[in-house]
Amino acid sequence: MHDNEHASHDHEESFIRKYIFSLDHKTIGKQFLIYGLIMFFVGGGLALLFRWQLAYPDQPLPIIGASQQYLDEGEVVTGADKMWERIYESDKEEWLEINMPSGVITPEFYNMLFTMHATIMVFFVVVPILVGAFGNFLIPLMIGTRDMAFPILNMLSFWLAVLAAIVMAVGFFVPGGHAAAGWTGYAPLSADPQWTGVEWGQNLWAISLLIQGFSSLVGSINYITTIINMRAPGMTFFRMPLVIWSLFIVAILLLLAFPVLSSALALLIFDRLAGTTFFSATAEGGGDPLLWQHLFWFFGHPEVYILILPGMGIASELIPVFSRKPIFGYRSMVYAMIAIAFLGWIVWGHHMFQSGMRSEMGNFFMTTTMLIAVPSAIKTFNWLGTMFRGSIRFTTPMLHGIAFVSMFVIGGLSGIYMANTPVDIFIHDTYYIVAHIHYVVFGGSLFAIFGGIIFWFPKMYGRYMNDVLSKIHFWLTFIAFNCTFFPMHILGVGGHMRRISNPQQYEFLMEPTTIKFLMWQFEFQGFIGMNIFITMSAFTLGFAQLILVFNFFWSMYKGKVAEQNPWQVNTLEWEAPTPVPHGNFGQIPTVYRGPYEYSVPGEESDWIPQAQPEHAPATGGD
Amino acid sequence: MLQWLPENVSTFGQGVDDLFHAIYWLTLIVFILVMGTLIVFLIKYRHQEGKKADYIEGSTTLEIVWTAVTTVIVFVLAMFSYPQWNNIKSPTQFPDNPDVVVQVSGKQFNWDMTYPGPDNEFGTDDDLELENELHVPVNAVVHIRLTSIDVIHSFFVPQLRLKQDALPNRFINVWFEATKAGRYEIPCAELCGFGHSGMLGYLNVHTQADYDAWVQERWPQ
């Protein structure tokens, strides 16, 4: 093996060049990761606010809400009462007074909360972390090159994402409030301020997503170019780790899908600001609200796979490493991802089953959608096959990998209900879809993200994350996640609509129900109790994430120092010294084999790095 | 879990519920098999001192088997679903000669019901407009002309297993036949603004005699 010592011959750079406007793919990756984690807290906080409203409709929030005495008699009891007293006495209309008078969330604010929760989680958390952070950090290291093809574009990609986040954040404080038409922004609700009362909020929402679109576009061009042109000698396409395959496929999806959203957003901005009628329903205008849905979901469904494919890629790294076995069916894993990406383009209509499309189209989209079960099943069985006859190490990243597989199975199976058109008539726009998307994107992608962060942390920062805290975080998250989102399937079966701020307004959701399970009988007063349970679990889930973030920043400085290849992994990123210097490798490694050569018969060590020459004495296992 | 389904009161609802149950059992069995296998593997193949993993790269036979089996299940399920879907949503398959025709129009945040009156024509003097109250006879075919005057709403009657978006400047035909008299809620299922939560109409399914009396009261002859 080459000597890593003389790799770090890079010159000293200024602080700004090194940490702020860095051109180094590793720094940009870490920037995206921290960006995503910060936005994760904004998005999660919004969710907790509206969860409170769903459990205790029209009751003041805890801590910042006014007390009952204050609401009834105007008597100042708590510190919060004092705050509200001051707000009501001031002349100008304060933000809190408009959005949550006395701590009670208004319906307008509620709509804004769930709109921004989804927008932030999809566009500012999951995509930046999966694609921005892992993509940037891993691609050059895992294919064996010194940096991205276009470092300046790469930096631009991050700073455009920052700009998009700032524009999105400003939207919270403009008169009329932020966008409140759902993250899907269905026209005409989103296209004309008269229907929501939202003026610049919706405009800023659209402008911010346009900027975020450019950021993704620039990033994806970079990824595609880098992967095609800059692989190390011997790194053929079918020797690439599956996470690189997933990022490659996702970059292509981003490149093709985001312009569709961008054009839809541009038309929306024209409708709102220039008086055009692309999405207007009036007969004289000639526009059509369904055009928005087609454009949005033609982007939106590939987007859903952009959210899950890198998660699959990360799980496909974690499971073989910690089973000490080759991935089962490497090529079929690649083909399954390509199949999912391809099918992603011809299933968008399933979001519009109840929009009045021709029934023949419903049949077509049902068939294509259910076909996604095939590549999904292939992937699941291959992950199981990887563990079969393995030697499984239950490290924290592996726990997340296993959680990813099991949650993805639930998310995939619940998708069959949604895909089935007759059943979808009933569960469309109910909590069933909320449960489904969270099982895929939280249960799937986020567990993969957590696993990936803990797994690659030693390479990113040269230290381990604290394992006790990581394990506590994992189990709390796993249990609280299931307690939060599994009951939502039941709400959906009961017909509980999504996006309603007060379920207690509906008799059919309040009816006493007796549920028999084996020999037990349970009495429910409608869904009141279940909504409270979900909210309590959601607060626990939110609390558990504080542990992760504390652990992340604490371990950055205080964690146990990690060796160069702590998990004994074959892929190239572990060939680079830790911390990885500018330029990554002293000498570009040559690749001799696939990424998953674990437990090869006749070998003394149970792993053979990709860069280890044939017939050389094994260096692994030290 | 399916015990939570609201009572079904439409002719086509049973077909929906049957599919719901079929998929429920299918997915439950798959879930138990996959999770069972996973748990067995996790216990049986956990790391033990001195035991090495087996070098297995994959199995083409297995890949073909699970691809083929899943594909077959998907198509069988689809075959059973097409007729149910067409029956509910395809206007060419609606029962002819409806007993009642009503225009339902969503607006922020109410459902406007328009009855054409005895002349069976909309836009004439004998039209009747009601806010949020829809009256139909039991065991009769009802056709609805669904539209909206502002944003997109969604006409949802959980007990009928019926949901259809209402779009501005577009008329979508919907049908149902209720099998049980009663009063059912018609929530809006598509986000339509700040009053979306609580946008609620009522479907009053009358016995034929009651319905006749209601008609007599509205349009005395």
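Preceding block: the structure.
Residues numbered from 1 in each chain as written. Chains lettered and ligands numbered in written order. Predicted model: local features only at pLDDT ≥ 70, side-chain atom pairs only at ≥ 80, totals over all residues. Heavy atoms only, no water.

A.B. asks: Would you take a moment to explain the state of the cysteines for this structure?
C.D. replies: Disulfides are covalent bonds that connect the sulfur atoms of two cysteines. Residue and element names in this part refer to chain B. With the rule as written, the count across this model stands at zero disulfides over all chains. Take Cys188: it sits in no disulfide, and the sulfur closest to it among the cysteines is that of Cys192, at 3.9 Å. Residue classification places Cys188 among the buried residues on the basis of a relative accessible area of 0%. (Disulfide = S-S within 2.5 Å. Buried < 20%, exposed > 50% of the residue type's maximum accessible area, 1.4 Å probe, protein only.)

A.B. asks: So what exactly am I meant to see when it comes to the nonpolar core here?
C.D. replies: Nonpolar side chains in soluble globular proteins tend to be buried together. Among the nonpolar cores identified, the biggest contains 281 residues, and Tyr115 and Leu134 of chain B are the most heavily contacted of them. Taken domain by domain, this core gets at least three of its residues from each of domain 1 (7-46 + 56-92) and domain 2 (100-218) of chain B. (Core = buried A, V, L, I, M, F, W, Y, C linked by side-chain atoms within 4.5 Å. Domains from an automatic or database assignment.)

A.B. asks: Whenever I open this one, the interface of chain A and chain B confuses me. Can you help?
C.D. replies: By convention, interface size is frequently given as the accessible area that disappears when the constituent parts associate. Taken together, the contacts link 106 residues of chain A with 83 residues of chain B. Here chain A packs against chain B, burying approximately 8100 Å² in sum over the two surfaces, 69% of which is carbon and sulfur. Among the residues of chain A in contact with chain B, Tyr417, Ile425 and Phe426 of chain A are the three that bury the most area, contributing 9% of the side total. A salt bridge links Asp54 of chain B to Arg389 of chain A; the shortest N-O distance between them is 2.5 Å. At the surface where chain A touches chain B, the tally comes to 33 residue pairs in polar contact (both at pLDDT 80 or more). (Contact = heavy atoms within 4.5 Å. Buried area = accessible area lost by both parts, 1.4 Å probe. Salt bridge = Lys/Arg side-chain N within 4 Å of Asp/Glu carboxyl O. Polar contact = N/O pair within 3.5 Å; in protein donor to acceptor, adjacent residues only side chain to side chain.)

A.B. asks: Hey, could you run me through unusual backbone geometry in this one?
C.D. replies: Of all residues except glycine, most have a negative phi; of all peptide bonds, most are trans. Note the cis peptide between Ala187 of chain A and Pro188 of chain A, where omega equals 5°. Relative to the helices and strands, Pro188 of chain A resides in the loop between helix 7 (151-170) and helix 8 (193-196). With an omega of -5°, the peptide bond running from Gln108 of chain B to Phe109 of chain B counts as cis. Residue position: Phe109 of chain B is located in the loop between strand 1 (100-107) and strand 2 (110-115). In this structure, Arg389 of chain A is a non-glycine residue whose phi angle is positive, near 60°. Locating Arg389 of chain A in the fold gives a position in the loop between helix 14 (373-387) and helix 15 (396-419). Its relative accessible area of 38% is what places Arg389 of chain A among the partly exposed residues. (Helix = DSSP H or I, 4+ residues; strand = E, 2+ residues; numbered from the N terminus.)

A.B. asks: Is there a simple way to explain the environment of Asp18 of chain B in this structure?
C.D. replies: All names here are of chain B. Locating Asp18 in the fold gives a position in helix 1 (residues 13-44). Overall, Asp18 belongs to the partly exposed group, its relative accessible area being 44%. Remark: the alpha-carbon pair of Asp18 and Leu134, spanning 116 residues in sequence, is separated by 28 Å.

A.B. asks: I keep staring at the sheet that holds strand 10 (residues 200-206) of chain B and nothing clicks. Help me out?
C.D. replies: Sheet strands pair by backbone hydrogen bonding; their relative direction is either parallel or antiparallel. Residue and element names in this part refer to chain B. On the basis of which strands lie adjacent, the open sheet formed by three strands has the order 4-10-9 and mixed pairing. Edge positions in the open sheet fall to strand 4 (133-137) and strand 9 (182-187), since each of these has one partner strand only. Mean inter-strand twist for the sheet, computed between neighbouring axes without regard to direction, equals 25°. Pairing geometry for strand 4 and strand 10, over five bridges, is parallel. By the bridge assignment, Pro137 is partnered in strand 10 with His206. Seen against the sheet, helix 3 (residues 208-218) touches strand 4 and strand 10 and runs at an angle of roughly 125° to strand 4. (Pairing = 2+ DSSP bridges. Axes fitted to C-alpha atoms, helices over the stretch in contact; angles between N-to-C directions.)

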